[in-house]
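# Chains, contacts and geometry: an overview
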Protein chains: 2
Amino acid sequence: MNDVEELRYLILALQREGNRRFAAGLRPLDLTPAQGEALSLIATHEPMTLNGLGGLLVCDSGTNPSRIVDRLAASGLVERETDPDDRRQVRLTVTPLGRDRAAQVHAVEDELDGMLAELVGDQPTEPALTLLRSMAAHFPAGRALQRRQQLTAHSP
Amino acid sequence: MNDVEELRYLILALQREGNRRFAAGLRPLDLTPAQGEALSLIATHEPMTLNGLGGLLVCDSGTNPSRIVDRLAASGLVERETDPDDRRQVRLTVTPLGRDRAAQVHAVEDELDGMLAELVGDQPTEPALTLLRSMAAHFPAGRALQRRQQLTAHSP
DNA sequence: ACGATTTAGATGTTGCGGCATGTATGTCAC
DNA sequence: GTGACATACATGCCGCAACATCTAAATCGT
């Protein structure tokens, strides 16, 4: 097994485990990782469209998150209204309940990141980040991430 | 966004994209990534049990890959027979067609790794591997990987 | 103004991961 | 030997990712 192959499997294993733990943390909130991430993004960037959300979520371009938002709307966390200026678009906003829940999601994320930070320990992260960033920069999902960082960099 | 959080998202993004490309490469073979990985492992380690396979696959322990093997068996790539010594166990072996297909899977994997190697370029991978390995070592999916490396290290 | 193209989103389908549960077989204590 | 437990696997369920396809609304060229 060469380096690249091992890297591939490590990434797979870590993603699965991270997702599993994130899911476990979110379960009391009755949210899945996908829902939690979407809710959190909507709360931060509202009002936004489904397309805008899809551009920030790490998922295939061309796939829009309408069904994830379906569930958030059904749970009363997100409101959908068609934009009167462009009736194709849907304006996503967060309800008070949704804002509250988004804060809880953030707490779960912090906890998860704390666990991960423990696994990292005192090892340097920069070399790994540099490598992964440069790999991810070559495709849409990676650029979604860059977009998110640019957006949050301007917030306090 | 701190380092750990960015690392988490990068891993998610890279896993998704890698999976997407792997799926694209396997599509002509009529296999999904999960099926391809399972078939490849069975071909390498046959005869093996479902549990043994589950231990090498990067998936949650407690979940066994019986349904993935279902499809491989339905496609005539894998044979299942109950072990007469322990009738709970299923002996998995590969059919000639399956062996052939496994070789094709391997070719697709090589191609994928080639693409990834291009993304890596001349950057050093060791620091990233060290970090990710040490993180993955803390949970089952990561140890599945170690197990696989130990097994393949003995093969020519 | 009108038809062609583009865009935003909805929806159907497939296979998968994870969790829970069920069932059969083997093992162990006594 | 019999009952309690453990193990190996199967299966039902949910939500998701990816792909394809569809509808409606906007935009563009002429």
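Scroll up a little and you will see the structure.
A short tour of the structure in this document, coming up. Just so you know, these numbers come straight off a predicted model, no measurement behind them.

Our focus in this paragraph is the protein's contact with DNA strand C. The immediate surroundings of DNA strand C are formed by 26 residues, with A:N51, A:S66, A:R67, B:T32 and B:R71 found nearest. Counted by atom, the contact set of DNA strand C within 4 Å of the protein is 69% sugar and phosphate. A distance of 2.2 Å is found between a base oxygen of DNA strand C and a side-chain nitrogen or oxygen belonging to A:R67. Those elements giving two or more residues to the surface near DNA strand C turn out to be α1 (3–26), α3 (50–56) and α4 (66–74) of chain A together with α2 (33–45) and α4 (66–74) of chain B. In terms of residue class, the surface near DNA strand C is made up of five nonpolar, eight polar and 13 charged.

Turning our eyes to something else, we now look at the interface of chain A and chain B. The partner chain B presents 50 residues to the 51 residues of chain A that form the contact. For the pair chain A and chain B, the summed buried area comes to about 5,300 Å², and 70% of that belongs to carbon and sulfur atoms. In this structure, the connection of chain A to chain B is made through seven salt bridges. Here A:R8 and B:D113 are joined by a salt bridge, their closest N and O atoms 2.8 Å apart. Taken together, chain A and chain B are joined by 17 residue pairs in polar contact (both at pLDDT 80 or more). Contributing elements (two or more residues each) for the side of chain A that touches chain B: α1, α5 (96–120), α6 (126–136) and α7 (140–154) of chain A. Sort the elements by how many residues they give to the side of chain A that touches chain B and α1(A) lands first, with 18 residues. Its residues assigned to classes, the side of chain A that touches chain B comprises 28 nonpolar, eight polar and 15 charged.

Considering all chains together, one arrives at zero aromatic pairs over all chains under this definition. When the ring centre of B:F22 is taken as origin, the NZ or CZ atom of A:R8, which lies over that ring, is 5.6 Å away. Residue placement shows B:R148 over the ring face of A:Y9; its charged tip is 4.3 Å from the ring centre.

As a matter of local geometry, DNA strand D sits amid 25 residues, with A:T32, A:R71, A:R87, B:S66 and B:R67 nearest to it. Between B:R20 and DNA strand D, the recorded distance is 3.3 Å, taken from a side-chain N or O atom to a phosphate oxygen. At the level of secondary structure, the elements contributing two or more residues to the surface near DNA strand D comprise α2 (33–45) and α4 of chain A together with α1 (3–26), α3 (50–56) and α4 of chain B. Of the residues forming the surface near DNA strand D, the biggest block, three residues, is contributed by α4(A). Split into classes, the residues belonging to the surface near DNA strand D amount to five nonpolar, seven polar and 13 charged.

Cut-off values and rules
- The numbers attached to residues start from 1 for each chain and follow its sequence in the written order.
- Working convention: letters from A go to chains and numbers from 1 go to ligands, in the order in which they are written.
- Selection of residues for local features in this predicted model requires a pLDDT of at least 70, selection of side-chain atom pairs for listing and counting requires 80 or more, and totals for whole chains, interfaces and linings are taken over all residues.
- To get the side-chain values, all heavy atoms of the structure are used, and hydrogens and water are removed first.
- Neighbouring residues are identified by heavy atoms, a residue being near a molecule or strand if any of them is within 4 Å of it.
- Distance and chemistry together define a polar contact, namely a pair of N or O atoms within 3.5 Å, with one atom able to donate a hydrogen and the other to accept it when in protein, and with adjacent residues in sequence counting only for side-chain atoms on both sides.
- The secondary structure listing takes helices from DSSP runs of H or I that are at least 4 residues long and strands from runs of E that are at least 2 residues long, numbered from the N terminus.
- Each residue gets one of three labels, nonpolar for Ala, Val, Leu, Ile, Met, Phe, Trp, Tyr, Cys and Pro, charged for Asp, Glu, Lys and Arg, and polar for the others, Gly among them.
- Two residues form a contact once any of their heavy atoms are found within 4.5 Å.
- The buried area of a pairing is the accessible area, by a 1.4 Å probe, that goes missing from both parts when the two are put together, added over both.
- Any carboxyl oxygen of Asp or Glu that lies within 4 Å of a side-chain nitrogen of Lys or Arg is treated as forming a salt bridge with it.
- We call Phe, Tyr and Trp rings a pair once their centres come within 6.5 Å, taking the six-membered ring for Trp, and we label the pair stacked below 30 degrees between planes, edge-to-face above 60, and tilted otherwise.
- Two thresholds decide whether a charge sits over a ring: the Lys NZ or Arg CZ must be within 6 Å of the ring centre and within 35 degrees of the ring normal.

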